[in-house]
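Coordinate inspection notes
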Amino acid sequence: MGFQVIHGDVTKQHVDAIVNAANRALAPGSGVCGAIFAAAGYDELDRACRAIGGCETGNAVLTDGFALPARYVIHTVGPVWRGGGHEEAKLLKNCYLNSLRLARENGCRSIAFPLISAGVYGYPKDEALQIAKDTIAGFLAETDMDVLLVLFG
């Protein structure tokens, strides 16, 4: 088991769970979030997210994957970049850790992440990538899981 950074589409990954870069309302959005809703089945995923009601920044929640090749979608809310002085790095690290822990708690042996917060939330891509890599590597030092970080574009 291990960790790979690949280029591709997170919605096409054959893993136990994919991670959605969600908003706090767990509402359908743009970018990765919109692509996941479209691939999973918009109505089904929307109903599942509405039933949960929301998620705070840095936390993670789980729904079924519906029409996705993944069994689950783990929704995590990344921080909006506000210059780096508002605990953005800590919150972003928590997104990865809480998603990985939730995957482990639900018996997942594989998970695929997008680069959280690096799109419309404006997190600098190089910093976001380093936080993702460091956090995932630290988690894998204690847990046996296959992790993909799927970069788009």
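Keep in mind that what you see is a predicted model, and the values were worked out from it rather than measured.

1. Examining the overall build of the protein chain
- When its secondary structure is counted, the protein chain shows four helices and six strands.
- Referenced to the eigenvectors of the C-alpha coordinate spread, the extents of the protein chain come out at roughly 35 × 35 × 30 Å.
- Looking at the protein chain as a whole, 46% of its 153 residues are labelled buried.
- Of all intrachain contacts in the protein chain linking residues separated by at least 6 positions in sequence, the fraction that spans at least 24 positions is 66%.
- Summing over all exposed atoms, the protein chain offers an accessible surface of approximately 7300 Å²; the carbon and sulfur share of this is 50%.

2. Some words on unusual backbone geometry
- One non-glycine residue, Glu87, lies in the positive phi region at around 60°.
- Position of Glu87 relative to the elements: it lies in the loop between strand 4 (72–77) and helix 3 (88–105).
- Positive phi values are uncommon outside glycine, yet Ser117 reaches one of about 70°.
- Following the sequence through the fold, Ser117 ends up in the loop between strand 5 (110–113) and helix 4 (125–140).

3. Some words on the sheet that holds strand 2 (residues 17–22)
- Pairing is mixed in the open sheet, where six strands are placed in the order 1-6-5-2-4-3. The sheet is open, and its two borders are formed by strand 1 (3–7) and strand 3 (60–64), each paired with just one other strand. Direction aside, the axes of adjacent strands within the sheet are offset by 25° on average.
- As defined by bridge partners, strand 1 adjoins strand 6 (residues 146–151) across five bridges and the pair is classed as parallel.

4. Remarks on the environment of Pro124
- Mapped onto the fold, Pro124 is located in the loop between strand 5 and helix 4.
- Between the C-alpha atom of Pro124 and that of Ala89, which follows or precedes it by 35 residues, the distance is 11 Å.

Analysis parameters
Counting from 1, residues in each chain are numbered in the order their sequence is written. Only residues with pLDDT of at least 70 get local features here, since the model is predicted, and only at 80 or more are side-chain atom pairs given and counted; chain-wide, interface and lining totals rely on the full set of residues. Only hydrogens and water are set aside; all other atoms, that is, all heavy atoms of the structure, feed into the side-chain values. Only DSSP runs of H or I with at least four residues qualify as helices, and only runs of E with at least two residues qualify as strands; both kinds are numbered from the N terminus onward. Type-normalised accessible area, obtained with a 1.4 Å probe on protein chains alone, sets the label of each residue: buried when under 20%, exposed when over 50%, and partly exposed for intermediate values. Contacts: residue pairs with any heavy atoms within 4.5 Å of one another. The Shrake-Rupley method, run with a 1.4 Å probe sphere, supplies the accessible areas, and residue values consider only the shown protein chains as cover. Between any two strands, pairing holds if DSSP finds at least two bridges. For helices, the fitted line uses only the C-alpha atoms of the stretch in contact; every axis is such a line through C-alpha atoms, and the angle between N-to-C directions lies from 0 to 180 degrees.

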